[in-house]
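Observations on the three-dimensional arrangement
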Amino acid sequence: MGFGFPIFLWFLPLAGLPVIFHLMMRRRQKRMEFPSVMFFLKADPRMHSKRRIRELLLLLTRILIILVLLLTLARPSLKSVPGIGGQLAVAIVVDNSASMDGQGDRNHTKLELAVIAARDLVDALGEDSRGAIIPLVPDKAIDVPLELSGDKDRLKDFIDRVRRTEARAEPANAFARIRSVFDDAPDGMGRAVHVFTDLHQAAWDHAGYDHNIFDEQIDVVFHRLESPERTGANATIESIKAPQQLMLPGHTYDIEVTIANNSENSAEVRINYEDSLGATSSERVPLEAGTSELMRYPFTPDEPGAHWMMIGIEGDAFRSDNRAGIGFICKTGAEVHFAGERPEYGLFPQAISPTGTGRYTSLRPIYKDTHEMMNFANEDAGRPAMIVSTWRRLGEFTEEQTRTLQNYLHDGGRLFVVPSVEAYTTSPPAPPDWIGASPLQYRSPGELVVAHILDSESDIWQGLRDDDGNVALRYFLMDRFSELEVDEESYNLLAGIGRRRPILARRNFGEGRIFVSGMAFDRDWTAFATDPSGIMVVMLHNIAIAGTSVIRGPENIGVAAGEEIGGIAGPHEPIRIDSLIGDTLNVTFPPGIRPSVARAGAYLLHKGDRTYSLSVRAAPEEAMQKYVEGEKLPFLGDTPHHIAHLSPSRDFRRSLERHFVGLSLFLPLALLLVALWALEGWLATTHKKRSRKIAHGNTDLIEKEPAAAERRKSA
Amino acid sequence: MANEQETYKYLPAKLAQKLQVAGISVRKPMAGMRQSQHRSDSLGASVEFAEYREYHPGDPLKRIDWSVYARTDRYVIREAFKEVSARCFVLLDVSRSMDFSHSGPMTKLDYAKYLAAAMMFVMVNQNDSAALITFDNDMKEYFEPTTTPMGLKPALQHLEEAEAAGAGNIEAALHKTAELVSGRSFIVIISDFLQSSEEVLRGFHHLHHDGMDVTVFHIMDPSELTLPMSGLTELKDMESDEKLTVDIEEVRDMYVMQVNRHIEYLQKNCMNMQMDYLFSDTNKPVHELILQRSF
C-alpha cells in the first residue's frame, strides 16, 4: 500500500472527533419532565436499545467517513510504492556482468536491452522522484557516481556509460550500495529497486540473505531478460598461472594457460598472446567438447619491474570469458648468503653467479661470518633469496640467529645445508634438532658411487625436462658423500644411492623450504659439479628461487573478474590499483573495502609499502547457460521481491506506467465515502423529516390515524 | 353571587358571565329529589308524555283525558315523566402528570380546575346539584352535592389549594366513585387519561353499568399531541420517574400515532357506552368546551 499524499495520514486521529462530539452531546442533552413515557414505550418497547444501536451506528459511520475521507485524500494505491504525485527514490540496477553480453534478441545483447529498458524506466519516473544508477558489477573504469538525481538526462547519461564486463556479479555488493543510496534519500520518500538482469545462476542462485535486506517495505522488482539458447561452441580460459617463485631478469618462466571447451560442440579457436615485451603470437587450437588444453608460454623478463601477459580467445560463441591477463613484478636481483668463507662451498657460489656480481643470473653471493648472519631482521629488502650453510656452521648459530632463521623460513625463505668442501677430513658435526636431518659419516670409497633421482616431479628439475616432461638427469656420480639421516615424514627425498640412503632431500618449513645435502658441490666430490651441460647450475638456481617467493606472502594475486580481492596482509590502509594492461585504472579503495576489478587484465595493487601483481581473468562461470527459473530468488531470502518478464519496449513502457500509478484506490474510496455519507444521512434524518412536519402541525402525515387528526381539526 | 364569584380563582366573573347561557342536559333519566328539568324514570307532573292508563276510582277526575274519552268512550288517565334535578359529580384528576405545561397557556391541572369550576357553576346555575371529587390513584377529596352557589364555596376554594401529586389510577378512582354515588347521577370526568386505555375503560364500564350519565373531558397539553420539542432529550415520567432518552425527531411520528390511537380508542368506546367524550388541549377556552357540551 502506497500513498500519494501521506501527509493526510497524520490527520487520522481526527477520526476520534465524532466520539468526542458524541460524549459532549450526551453531556449537553436536554432533560425534561414529561407526563408519561407510556406512548413511547407503547410505540416501541425496545426504543431505548434501538436508539442506542442506531446512535452507535451513526457514530461508527461518522468515524468511517472521516477515516475514508482522509484515506481518499492521501491517494492510496495498492502498490507498495507511491504512485504518480508521490516522491520515490528508485535504485536502477543494470546487470553488467559477463553473461549480459550474450544475445538478447536478434539485434541486441542483453545488456543493450537492459540499457534501453532502464532508460524507459527513467522516463517513466514522476517529476518528484529521483533515481540512482547502480551497475550490478562495480566498474571503476566508468564514472557513474553513487547518488540520487532527479535529472533524467543525467541519469540516462549514466545508464549509457554502463559497459559490458567480464565479471561475475556479486549482488551483495550491489545491495550494499542500494542501501547506501537509500540511506541518503530524504525521509518520507518512497523507495523502489528495479533490477534489469538475466538472473544468471552464478549470481542469484545461492543463499545470500536469510532475512529482509531492508528494514522497511521496499518494492523490489526484477526485470528478467530472456536468454536465447546459444548454439555455438564456447572456449574459456580456465586458469592462467605463473610459477610461484622469485622473478628475476634473465630467467625464463613458463606461464601456464588452461583453455577449456565447456560447451557441447567441438571448437577450433585462435589463441592470441601478447606480453609487455611486445611479443605477440597467435595459433589455432582445436578443442573437443568438454576438454581442456594446457598451454605454456615462456616468458623471459629482460629488466626489473612490472611485466604482463594477455591471452585472448577468438572464434567462439561467447566473448566475455575469452580474456585473461597476468602480471608479475620482476626484482632487480637477489642475494644468496653463504655462512663462512667462499672456499668452504667449492663451485656452489660460482654456479649461483659466475661473475660473483649477479650479472646474468641476478643472484649475488654474499659471504658472512657466522656471527654476522641473520642480521636482515624482517626487512624485505635485505632478505636473501637463499641462505647456504655448512653443517658445521649451522651448529654455530646462536639462539637468536636460529630464531631469525626460522622466521625467515616461515615467511618463505630457503635454507640449503651442505657439507663443507673440506669436510671429509673431519667427522660431521651434529646439526640442530629442528633441522630434522643430519649427515652420517663422510665417505670416500675410492670409486664413483651412483646417486639416482628419487623425485622426478620436483620443481628443482624445472628446465631440465625433455618434451615429454621427463627429467633429463637420471643420476649423477659421487666421489665423496655422506648419506643423510632424515625424518622421513617431513623430508622429501630428491636423490640418493637408494631410497634408504638419501643424499639430497627437501622439507617445507612454514612457507619456506629446507634443502639438505650429503654432498658438496665441488669437483672433488662429484662430477656433476663440472658437467658442461650446466645441470647443476640450473638445479641450484631452481633451489634458490623456485617454489615460493622469498618475499613474505604472495606477490602475485590471481582472481576472476568481479571477484573481491581479500586476504591481503597488512595494516588498515587504502588499496590502490593501477593497470598494466586491461582497463585503464588508477583507483584507490578506502580501508575496509575489498576491491575488485571488472575486466580481465594485469594490474598492480599497492597497499602500504607493498606492491602486488594482480592477474585478472574473465569469470568462466558466466559462460554457462544457466539461469534462475521461478518467481523467487534464493539469494534474497525473505526480502519481498517480484520477478517480471521484460517485455518489448512499448509494452514495457505501458507496464511501467501501470506500475508507478499502481492500482489507485481513490475512486473506490470516493464511492465508499459517498455511500457512507448517504448512510449517515439516512440514519440521521429519515425519521426526523416526518417528525418535523408533524411538529409543525401537519398531522395529516399520520396516515394510520386520520380520524383522530380530522376530529381534532374539526374541534 | 357575582361578587362572590370574583373571589374564586378558577371561576372568574368573566367566565361565569359567559356560562350564563350554557345549559347541560343529560341523556339518561336521573334520580333527583327535586323538581327540575331532567327526566326521571318515575312518573309525575310534567309536560313530557309517558303513557295512558285505565281510570281507577279514586283518581282525580281532572286527570281524565276527555279527548280520548270522546274518541273511544273510555276513561283513561294521561301519565307524564317526572322531571327532577340532576346530581352532578365532577371527578377531577389531580395526579402528578396533570401538572404539565409546555405549549399551552397553563398546566393541564389549572385547565381542569377551570373546567371543573365551570361545570359545577353551570349545574348549580340550572338548579341541579354539583359535587366535586378529586383523585389520583384513589379518591382524595369529596365535596357533597350542593344546589346553591354558596354551597360550591368549599369546593371552589379547594380547587385553589389542590396540587398535583402522586401517581394516577383512573380505573381505581372510578370504581370508588361508582360505589360512592347512589342512584342515577351525572358524572363528569376531567383527566389526561394517561393510563392504559383498557384500564380506563374498565372504570367507564362500571359507571355505565350503574346507569350513570358520563361525560368525559380529555385534557392534554398541545405539546403532548405533537411533540414540538427537538433534539436528544432525556424524558422523565412525572409519575413513575422512569427515564427515557429519545431523539424527539426520531420518535415523534410513532409517538403521535400512539397518542392518536389512545384518543381514538377512548372516544370510540365512550360512544359505544353512550358517554359524551370531549377532547381538548389547554389552548381551547374553557367556556367554548362547556358550550360544546351544552349543545
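Numbering of residues begins from 1 in every chain and follows the order in which that chain's sequence is written. Going through the entries in the order they are written, you letter the chains from A and number the ligands from 1. It should be noted that, the model being predicted, local features are given only for residues of pLDDT at least 70 and side-chain atom pairs only at 80 or more, the latter also being counted only at that level, while totals for whole chains, interfaces and linings use all residues. The side-chain figures draw on all heavy atoms in the structure; neither hydrogens nor water molecules are used.

**Re the overall build of chain B**
What counts, and what does not: Secondary structure counts use DSSP, requiring at least four H or I residues in a row for a helix and at least two E residues in a row for a strand, with both numbered from the N terminus. Residue exposure (1.4 Å probe, protein chains only): buried if accessible area is under 20% of the type maximum, exposed if over 50%, otherwise partly exposed. Should any heavy atoms of two residues lie within 4.5 Å, those residues are counted as being in contact. The Shrake-Rupley method, run with a 1.4 Å probe sphere, supplies the accessible areas, and residue values consider only the shown protein chains as cover.
Secondary structure assignment for chain B yields 10 helices and 10 strands. For chain B, with 295 residues in total, the buried portion stands at 55%. A separation threshold of at least 6 residues defines the contact pool for chain B, and within that pool the share at least 24 residues apart is 74%. Entry remark: accessible area of chain B is about 12,300 Å², with carbon and sulfur atoms responsible for 49%.

**Some remarks on the packing of aromatic side chains**
Residues and elements named next belong to chain A. To be explicit about the condition: Ring geometry is summarised as follows: Phe, Tyr and Trp rings, the Trp one being its six-membered ring, pair when their centres sit within 6.5 Å, and such pairs are stacked at plane angles under 30 degrees, edge-to-face over 60 and tilted between the two. Lysine NZ or arginine CZ positioned within 6 Å of the ring centre and within 35 degrees of the ring normal marks a charge as sitting over the ring.
Inspection of the entire model under this criterion finds 28 aromatic pairs over all chains. In textbook terms, an aromatic cluster arises when at least three aromatic residues are bridged by ring pairs, as seen for Phe338, Tyr345, Phe348, Tyr367, Phe416, Phe515 and Phe521. For Arg75, the ring lying beneath its charged end belongs to Phe666, and the centroid distance is 4.3 Å.

**What about the layout of surface pockets?**
Residues and elements named next belong to chain A. This is how it is decided: Here a cavity denotes grid points, spaced 1 Å and computed from the protein atoms alone, that fit a 1.4 Å probe unable to get out, and a pocket denotes an open set having protein on both sides within 12 Å along at least 5 of 7 lines; residues with an atom within 4 Å of a point are the lining. Grid points are joined across faces, edges and corners, and a volume is the space filled by probe spheres set on the points. Three categories are distinguished: nonpolar for Ala, Val, Leu, Ile, Met, Phe, Trp, Tyr, Cys and Pro, charged for Asp, Glu, Lys and Arg, and polar for the others, with Gly belonging to the last.
Taken as a whole, the largest pocket spans an internal volume of roughly 830 Å³. Lining the largest pocket are 27 residues, and of these Thr252, Asp254, Gln462, Gly463 and Arg465 lie nearest its centre. In terms of residue count, the dominant contributor to the lining of the largest pocket is helix H11 (residues 535-545) (five residues). Considered class by class, the residues forming the lining of the largest pocket number eight nonpolar, 11 polar and eight charged.

**Side note on the nonpolar core**
Looking at soluble globular proteins, one finds that nonpolar side chains tend to be buried together. Residue and element names in this part refer to chain A. Note the threshold: Here, the term nonpolar core denotes a set of buried Ala, Val, Leu, Ile, Met, Phe, Trp, Tyr and Cys residues that are joined through side-chain atoms within 4.5 Å. Domains are outlined according to an automatic or database domain assignment.
By size, the foremost hydrophobic cluster in this structure holds 98 residues, and its most contacted members are Phe348, Phe416 and Val516. Looking at which element gives the most residues to this core, the answer is H11, with seven residues. Both domains that furnish three or more residues to this core are identified here as domain 3 (235-330) and domain 4 (334-545).

**Quick look at the pattern of salt bridges**
The criterion, for reference: A pair is scored as a salt bridge if a Lys or Arg side-chain nitrogen falls within 4 Å of a carboxyl oxygen belonging to Asp or Glu.
Throughout the structure, instances matching the rule amount to 37 salt bridges over all chains. Salt-bridge contacts for Glu234(B) lead to Arg31(A); the nearest nitrogen and oxygen are separated by 3.3 Å. Residue Glu234(B) is found in strand E8 (residues 232-237), and its partner Arg31(A) is found in strand E2 (residues 30-34); the two belong to separate chains. Residue classification places Glu234(B) among the buried positions, given a relative accessible area of 15%. Taking relative accessible area as the criterion, Arg31(A) reaches 56% and is therefore assigned exposed. A salt bridge links Arg323(A) to Glu166(A); the shortest N-O distance between them is 2.8 Å. Here the residue Arg323(A) occupies a position in strand E14 (residues 323-330), and Glu166(A) occupies one in the loop between helix H5 (152-161) and helix H6 (171-184), the gap between them amounting to 157 residues.

**Brief notes about helix H6 (residues 170-180) of chain B**
One turn of the α-helix equals 3.6 residues, which is why residues spaced by three or four share an orientation. Residue and element names in this part refer to chain B. Selection rule: As used here, the arc belongs to the directions running from the helix axis to the C-beta atoms.
Buried residues of H6: Ile170, Glu171, Ala173, Leu174, Thr177 and Ala178, and no others. All buried residues of H6 project into a common sector of 160° when viewed along the axis, lining one side. The elements touched by buried residues of H6 are strand E3 (87-93), strand E4 (129-135), strand E5 (139-146), strand E6 (186-191) and helix H7 (197-209).

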